[in-house]
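Next come the chains, spelled out residue by residue.
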Amino acid sequence: MNSKDEQIKKAKEIIKNNIYMTISTASKSGKPWISPVFFVYDNKYNLYWVSNKNALHSKLLRNNPQAAIVIFDSSATEGQGDGVYFETRVKELNNQKEINEAIKLFNERVTQDEFRIKKVEEVTKQRVWRIYKATPFRISKLTEGEFIKGQYVDKRVEIKLIK
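All values derive from a computational prediction rather than experimental measurement.

How each quantity is defined
Residues numbered from 1 in each chain as written. Predicted model: local features only at pLDDT ≥ 70, side-chain atom pairs only at ≥ 80, totals over all residues. Heavy atoms only, no water. Salt bridge = Lys/Arg side-chain N within 4 Å of Asp/Glu carboxyl O. Helix = DSSP H or I, 4+ residues; strand = E, 2+ residues; numbered from the N terminus. Buried < 20%, exposed > 50% of the residue type's maximum accessible area, 1.4 Å probe, protein only. Expected span 1.5 Å × (residues − 1). Contact = heavy atoms within 4.5 Å. Pairing = 2+ DSSP bridges. Core = buried A, V, L, I, M, F, W, Y, C linked by side-chain atoms within 4.5 Å.

Our focus in this paragraph is the pattern of salt bridges. Evaluated as defined, the whole model comprises 9 salt bridges. One salt bridge in this structure joins Asp-82 and Lys-141, with 3.0 Å as the shortest N-O distance. Within this pair, whereas Asp-82 is found in the loop between β5 (66-72) and β6 (83-92), its partner Lys-141 is found in strand β7 (residues 129-148), the two being separated by 59 residues in sequence. Using a relative accessible area of 9% as the deciding quantity, one classes Asp-82 as buried. What makes Lys-141 buried here is its relative accessible area of 1%. Here the salt bridges share partners, and the residues they tie into one network are Arg-62, Glu-92 and Arg-130.

Once that is clear, we can look at helix α1 (residues 4-17). Spanning 14 residues, α1 covers 20 Å between terminal C-alpha atoms, matching the ideal 20 Å at 1.5 Å per step. In the core, the buried residues of α1 are packed alongside β3 (40-41), β5, β6, α3 (96-109), β7 and β8 (151-159).

Next up on the list: the pairing of strand β4 (residues 47-52). The pairing of β3 with β4 spans 2 bridges and is classified as antiparallel. Looking at the pairing, Tyr-41 lines up with Leu-47 of β4. Joining the antiparallel neighbours β3 and β4 is a turn of 5 residues, in which Tyr-45 adopts a positive phi near 65 degrees.

Attention shifts here to the pairing of β7. Pairing analysis gives 6 bridges linking β4 to β7, with the strands arranged antiparallel. The partner of Asn-52 across the bridge, within β7, is Trp-129. Both β6 and β7 contribute to a ladder of 9 bridges, which runs antiparallel. By the bridge assignment, Glu-92 is partnered in β7 with Tyr-132. Across 8 bridges, β7 lies against β8 in antiparallel orientation. Within the sheet, the bridge partner assigned to Leu-142 lies in β8 and is Arg-156. Following β7, the chain reverses through 2 residues before pairing antiparallel with β8; Lys-149 in that reversal takes a positive phi of roughly 50 degrees.

Moving on to the nonpolar core. Counting residues in each nonpolar core, the largest one holds 24 residues, and the members touching the most others are Met-21, Trp-49, Phe-86 and Leu-161. Mapped onto this core, the elements with two or more residues apiece are α1, β1 (20-26), β4, β5, β6, β7 and β8. Formed by 12 residues, the second largest nonpolar core is a distinct cluster that contains Tyr-48, Leu-93, Val-120 and Val-123.

The structure is reproduced here in structure tokens:
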């Protein structure tokens, strides 16, 4: 699978077929933290998740709004793993229109009622849930690796999911 079109098609399948992504955040001094979260996405491949506003990754994002995100097809067999990597800027949603759009995306994908967002007040004000939006500025995908001195080395190719 070497053509860019094939890579883009496979990346979109990985995003569509997975419900968890892993977010990598860091303090301003560079101390890293990673968190797996349930996610949804829009037609521009902005990624959204709900988290406790007091979770470490949420606190780190308030001070350093950049995050690296991976959506990895962990169902693949050994040696066949595939993933999509995002470099993003993240914001906590505060605008009611944006929050309502994100709630709609969540409620279309969430299957368990206790995890649905019923009203804006559940993700604002004194409540602990917040909705976060990651806007990608660079996206890459695993591609066929190569053997270097007898050892297999993964490679990535930069892709654009929308034209």
